[in-house]
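The lines below spell out each chain.
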Amino acid sequence: MDNRAEVREFLTSRRAKISPERAGLPTGSRRRVPGLRRSEVAALADMSVEYYAKLERGNLAGVSPSVLEAVARALRLDDAERAYLLHLAQAADGTDALTRPRRRATRQWAPRSSLQWTLDAITAGPAFVRNGRLDLLAANPLARAFYADLFAGPQPPNLARYNFLDPASRRFYPDWDYFADISVAILRTEAGRDPYDKELHDLVGELSTRSEEFRTRWGAHNVRHHGTGTKRFHHPAVGEVTLAYEGLDMAAEPGLTLTIYTAEPGSPSEESLRLLASWAATKPTEESRTPGE
């Protein structure tokens, strides 16, 4: 796969983010570029400037793991960025052909009965299954009530499309920029992991065309692992809630993630979830409506 442009832009963007001070180099007073020079990255990675320049031009095919690791160290890549660089290298020389996830026809995928039973058994917090494109593929009743706006729209609901194309997201996410950054970083990570996903390419193209804020973030080439943390929401029916989340990779469904939100015991947010759960339990056939309508 010819992904040289992607490699070039990623390495260039990472080099621009590393200050000489952070790399342990003298700053000097005549720098014309942000971050490190190519020669400085090459020195830190213990390779010639010519060889590093070749890598930064996008030529990762056949590069050894030790060279990739040296570049990762020089650029101070975190775990998500290292994995992304490895995926770019695998895509460049085709070695990911046997390891990349099988393509999914999203509209044909349906949760196994046992998976839906598992989701429905989680009653204290929203729980859902998503793919790397941020499509919500399965959910418990509380998640459907929590994300009522998404489930009222086209299927499958998509968190990135909601984030950038639905004005309601700016009310639902008090920290909208944070959610926007996360959404794009997850999509960028997925693009590195499965560069052959046409539906992902279509989604990125749609969002890039319709949202300047998405386009700017996509061009930053930021990636991240999204496994645990805390988020704030403003639900139209129960107000502001602060929830912890855990994202679990599904061994039986490679490429899919089970996400569960919970509230701190005894907190106002826990009481708000109880109220929302009570409403959801009484409206099993009206999943698209918002509480209080």
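What comes next is a walk through the structure. Everything quoted here is computed from the prediction, not taken from an experiment.

### Here's the deal with the packing of helix H1 (residues 4-17) against helix H6 (residues 79-93)
Phase 1 of the analysis: Where H1 contacts H6, the two axes come as close as 10 Å, and the packing angle between them is 155°. Here H6 runs roughly antiparallel to H1, going by the angle between their axes. The interaxial crossing formed by H1 with H6 has left-handed handedness. On H6, the residues touching Glu-6, Val-7, Phe-10, Leu-11, Arg-14 and Lys-17 of H1 are Glu-81, Tyr-84, Leu-85 and Leu-88.
Phase 2 of the analysis: Classifying every residue of the contact of H1 with H6 gives 6 nonpolar, no polar and 4 charged.

### A short note on the sheet that holds strand S2 (residues 136-139)
Phase 1 of the analysis: Spatial ordering of the open sheet is given by S2-S1-S5-S4-S3, a layout of 5 strands whose pairing is antiparallel. Every other strand in the sheet has two partners, leaving S2 and strand S3 (228-235) as the edge strands with one partner each. Put simply, the sheet's adjacent strands are angled 30° from each other on average, direction ignored.
Phase 2 of the analysis: The sheet contact formed by strand S4 (residues 239-249) and strand S5 (residues 257-262) spans 6 bridges and is antiparallel. The partner of Gly-247 across the bridge, within S5, is Thr-259.
Phase 3 of the analysis: The sheet contacts of helix H7 (residues 113-121) involve strand S1 (127-130), S2 and S5, and relative to S2 the element is tilted by about 65°.
Phase 4 of the analysis: The sheet contacts of helix H12 (residues 176-193) involve S1, S3 and S4, and relative to S3 the element is tilted by about 125°.

### Remarks on the packing of aromatic side chains
Phase 1 of the analysis: All chains considered together, the criterion is met by 21 aromatic pairs.
Phase 2 of the analysis: Ring plane angle 55° and centroid distance 6.1 Å describe the contact between Tyr-173 and Phe-233, whose orientation is recorded as tilted. Taken together, the positions of Tyr-173 in the loop between helix H11 (169-172) and H12 and Phe-233 in strand S3 put the pair 60 residues apart, joining distant regions of the chain.
Phase 3 of the analysis: We classify Tyr-173 as buried; its relative accessible area is 3%.
Phase 4 of the analysis: Under the relative-accessibility criterion, Phe-233 is labelled buried at 0%.
Phase 5 of the analysis: Ring centres of Phe-214 and Trp-218 lie 5.7 Å apart, and the angle between their planes is 15°; this geometry places the pair in the stacked category.

### Concerning the pattern of salt bridges
Phase 1 of the analysis: In this structure the tally under the stated criterion is 22 salt bridges.
Phase 2 of the analysis: Ionic pairing is found between Glu-81 and Arg-14, a salt bridge with its closest N-O pair at 2.9 Å. A residue pair is termed long-range when its members are at least 10 positions apart, and Glu-81 in helix H6 and Arg-14 in helix H1 qualify at 67 residues.
Phase 3 of the analysis: On the accessibility criterion, Glu-81 (8% relative accessible area) is buried.
Phase 4 of the analysis: Judged by relative accessible area, which is 2%, Arg-14 ranks as buried.

Parameters at a glance
Residues numbered from 1 in each chain as written. Predicted model: local features only at pLDDT ≥ 70, side-chain atom pairs only at ≥ 80, totals over all residues. Heavy atoms only, no water. Axes fitted to C-alpha atoms, helices over the stretch in contact; angles between N-to-C directions. Helix = DSSP H or I, 4+ residues; strand = E, 2+ residues; numbered from the N terminus. Parallel < 35°, antiparallel > 145°, perpendicular 65-115°, else oblique. Left-handed = near helix turned anticlockwise from the far one by under 90°. Contact = heavy atoms within 4.5 Å. Nonpolar A, V, L, I, M, F, W, Y, C, P; charged D, E, K, R; others polar. Pairing = 2+ DSSP bridges. Phe/Tyr/Trp six-rings, centres within 6.5 Å; stacked < 30°, edge-to-face > 60°. Buried < 20%, exposed > 50% of the residue type's maximum accessible area, 1.4 Å probe, protein only. Salt bridge = Lys/Arg side-chain N within 4 Å of Asp/Glu carboxyl O.

By themselves, these observations are geometric and do not establish any function.
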